[in-house]
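# Report on the structure
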Amino acid sequence: MIRLLRALRRRDDDRGMALVAVVGIGAVVMLLVGTMVAVATSGARVTSTDRSWNRAIAAAYAGVADYQSRLNADNSYGNYGQADAPFSAASGSVFAKGSGGNPAFGYRAQDAWVSVPTGDGSASDSAFRYAVDNSKLSSQGVIRVQSTGRSGTTTRTVVANVRPDGFSNYLYFTNYESGDPSVTNEKGIGSAACTSAYRPLATTSTCDQIQFGSGDVLKGPVRSNDQIKVCGATFKNTVQSVFGVSSSGCSTGNYASNPTTSSTLTPPATIGDLRDYTRSDLPSTTETVEGAGCLYTGPTKIVFNGDGTMTVRSPLTIVTQVRGESAVPGAQITSGDAVAKCGAVAALRSASGATIAVPKNNLVYVQNEPSARPAGTAQDPNYWNGSPMKTTATACSVPNPTVGRDSATSLRGNGVGYPYVGSSTSVSETDPTAGAGAAVSNPYGCDRGDVFVQGTVDKAVTIAAENYLYVTGDITYSANRSASTVLGLIGQRAVWVWNPIRPDGNAVLPSNREIDAAILSNTGTFVVQNWTRGSAYGRGLLTVNGSIAQNFRGAVGLASGQGYTKAYQFDSSLAVYTPPKFPQPTVTTYRVATQVESRTAYTASGTAIP
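Only a predicted model underlies this, so the values are computations on that prediction, with no experimental measurement involved. (Residues numbered from 1 in each chain as written. Predicted model: local features only at pLDDT ≥ 70, side-chain atom pairs only at ≥ 80, totals over all residues. Heavy atoms only, no water.)

Secondary structure assignment for the chain yields 6 helices and 32 strands. Here the chain holds 610 residues, and 50% of them are scored as buried. Long-range pairs, those at least 24 residues apart, make up 65% of the contacts in the chain with a sequence separation of at least 6. As displayed, the chain offers around 25,800 Å² of accessible surface, 55% of which is attributable to carbon and sulfur atoms. (Helix = DSSP H or I, 4+ residues; strand = E, 2+ residues; numbered from the N terminus. Buried < 20%, exposed > 50% of the residue type's maximum accessible area, 1.4 Å probe, protein only. Contact = heavy atoms within 4.5 Å. Areas by Shrake-Rupley, 256 points an atom, 1.4 Å probe, with all protein chains shown as cover.)

It is worth spelling out the sheet that holds strand β3 (residues 143-151) at this point. Strands sit in the order β1-β2-β3-β4-β32 across an open sheet of 5 strands; the sheet is antiparallel. Every other strand in the sheet has two partners, leaving β1 (114-115) and β32 (590-598) as the edge strands with one partner each. Note that β1 and strand β2 (residues 126-133) share 2 bridges and pair antiparallel. Within β2, the position partnered with Ser 115 by the bridge is Ala 127. (Pairing = 2+ DSSP bridges.)

So, on to the layout of surface pockets. Estimates place the volume of the largest pocket at around 1,500 Å³. Looking at the lining of the largest pocket, the elements that each hand over two or more residues are α3 (137-140) and α5 (283-286). Ranked by residues supplied to the lining of the largest pocket, first place goes to α3 with 4 residues. When grouped by side-chain class, the residues that make up the lining of the largest pocket number 21 nonpolar, 21 polar and 8 charged. Computed from the structure, the second largest pocket encloses a volume of approximately 620 Å³. Trp 531, Ala 555, Gly 557, Leu 558 and Ala 559 are the residues nearest the centre of the second largest pocket, which is lined by 34 residues in total. At the level of secondary structure, the elements contributing two or more residues to the lining of the second largest pocket comprise β29 (518-528) and β31 (564-570). Ranked by residue count, the leading element in the lining of the second largest pocket is β31, at 3 residues. The residue makeup of the lining of the second largest pocket, split by class, is 10 nonpolar, 17 polar and 7 charged. (1 Å grid on protein atoms, 1.4 Å probe; cavity = no way out; pocket = protein on both sides within 12 Å on 5 of 7 lines; lining within 4 Å. Points joined across faces, edges and corners; volume = space filled by probe spheres on them. Nonpolar A, V, L, I, M, F, W, Y, C, P; charged D, E, K, R; others polar.)

So, on to the pairing of β31. Burial of β31 is one-sided: the residues Tyr 564, Lys 566, Tyr 568 and Phe 570 facing one way are buried, the residues Thr 565, Ala 567 and Gln 569 facing the other way are not. Where strand β6 (residues 217-219) meets β31, 3 bridges bridge the pair, whose relative direction is parallel. Within β31, the position partnered with Lys 219 by the bridge is Gln 569. Relative to β31, strand β30 (residues 540-552) is paired through 7 bridges, and the arrangement is parallel. Note on β31: the bridge partner recorded for Val 544 is Tyr 568.

Glancing now at unusual backbone geometry. For the peptide bond that leads from Tyr 418 to Pro 419, omega is 0°, which places it in the cis range. Positive phi is not limited to glycine here, since Asn 512 has a value of about 65°. By the element assignment, Asn 512 lies in the loop between β27 (494-497) and β28 (513-515).

By the definition in use, this model includes 3 disulfides. The disulfide partner of Cys 231 is Cys 250, and the S-S distance across this bridge is 2.1 Å. Torsion about the S-S bond of the Cys 231 and Cys 250 cystine: about -75°, corresponding to left-handed handedness. In this pair, Cys 231 sits in the loop between β8 (228-229) and β9 (234-235) while Cys 250 sits in the loop between β11 (245-246) and β12 (254-255), placing the two residues 19 residues apart along the sequence. According to the relative accessible area criterion, Cys 231 is buried, its value standing at 7%. (Disulfide = S-S within 2.5 Å.)

Written out as structure tokens, the structure is:
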């Protein structure tokens, strides 16, 4: 009996331990199941949040793309917007054309958002709205777009810089890959000047093609409307051309990527419309922060001083800002004023010139002497021959300088120091040449809109010459330059690198030159003066930190050694900022230069976030 009881007790103890084990294991399983359910539920919530987060930023980018497409359809779309939107109001933006019925300009809680369609075109829970800052549109061609995307209760915002795909986007742009017959005076058949033509259509009378030589290094995007000839040059960025690249008869180039074909960029036929930026009677100047620019007439010398000022000599200038017979762009100029910000007239005519503040984010335009108008009509206020100031000793009324001049020269002084006259004939400038040694037509005309520029630049500004622009010395940016400080240099007929040669064939200036600027010659060329003359060992490096755009190719040196070797590098600031009032191609497309996410501008209900 006792043995039976002990056996039963042992059996009961085993059952108790099993029960405890089962209960414990069940609890653990329940904990695991609970954890898995919690994780799964949490993951579902995170996945849903991530989806809204990603869709919101995608909707913001869609807003930028929508605005970009509207700009490309209508290049004046930068004048549309909602001035009361917080982003636009903070910049003082003005929208002459209003919102144009575009719901994306909504900025209040009750305003609609624009839905982003799905792949099949149906509506989605994603939408966008945007606001525009066009305060730098007229000055630097940049439009800032603040685009906010929404998905569910999530909103995200990006800010993009949108700008035209213009000439300053390329380190080197050329329309024709041959020289400019009107500047270089090259001959075709017999005594006739050579003719311009794209290389696939070239004939024996077509101007000579200019090549990139073996010592040339270009560090930036290159583009041409013609066929580019490359003989061993090195390209560190993209190369685009309408008619491809040729290395016929010489060594091939070195490329960062294979050259590609491209569409045509067409330079404007004239820069005459830029003169309107010096008018004091147009909303495009009076309603802007920068106001009207400065107008000078005839040969003008400008030296940037690197301290926010520049020194200007312009002896033929009478008024420095003008007005039209009516307040519309392109109207005939009938009156004007000599304004202090552009320099007192007496100082402009003096030997030391007028030192003035650089017209920041603005234009300096140097025009030819205006022609006479019929009797009984209002003359241009800068018409020199019709002014009592004609009796003042100027370049047009004084005899040729004799001290130190080369007796063989045919040039007269232009009133601002050109041609260069040294202490003796042997160190003075002789008549300049270009284009295989041909003489330059009227290089220092006393009634021409020529500007002579050098110095250290520390403000964004554009210098435009109706005729020639000469780079007379190094042009560099100051050490504390900001990214938006970009210089534009425009010479309608040519931009010359001034390279004076003495009668003995030696150079006046020291070797090596540097130009930091966006350079444009819309009807002419960028070329080195006397590039076929001087030492057979060359003039050293011509460094350009910026961009070069020209209608015709201009030579800077010979493969045999004379002239300069190219050292061209694209200025990264030009990828974002355009020089003030810089001309654009006749057909312009807009592209997004930069876009970054910023602080969210609106809640999902449409309320602006302070």
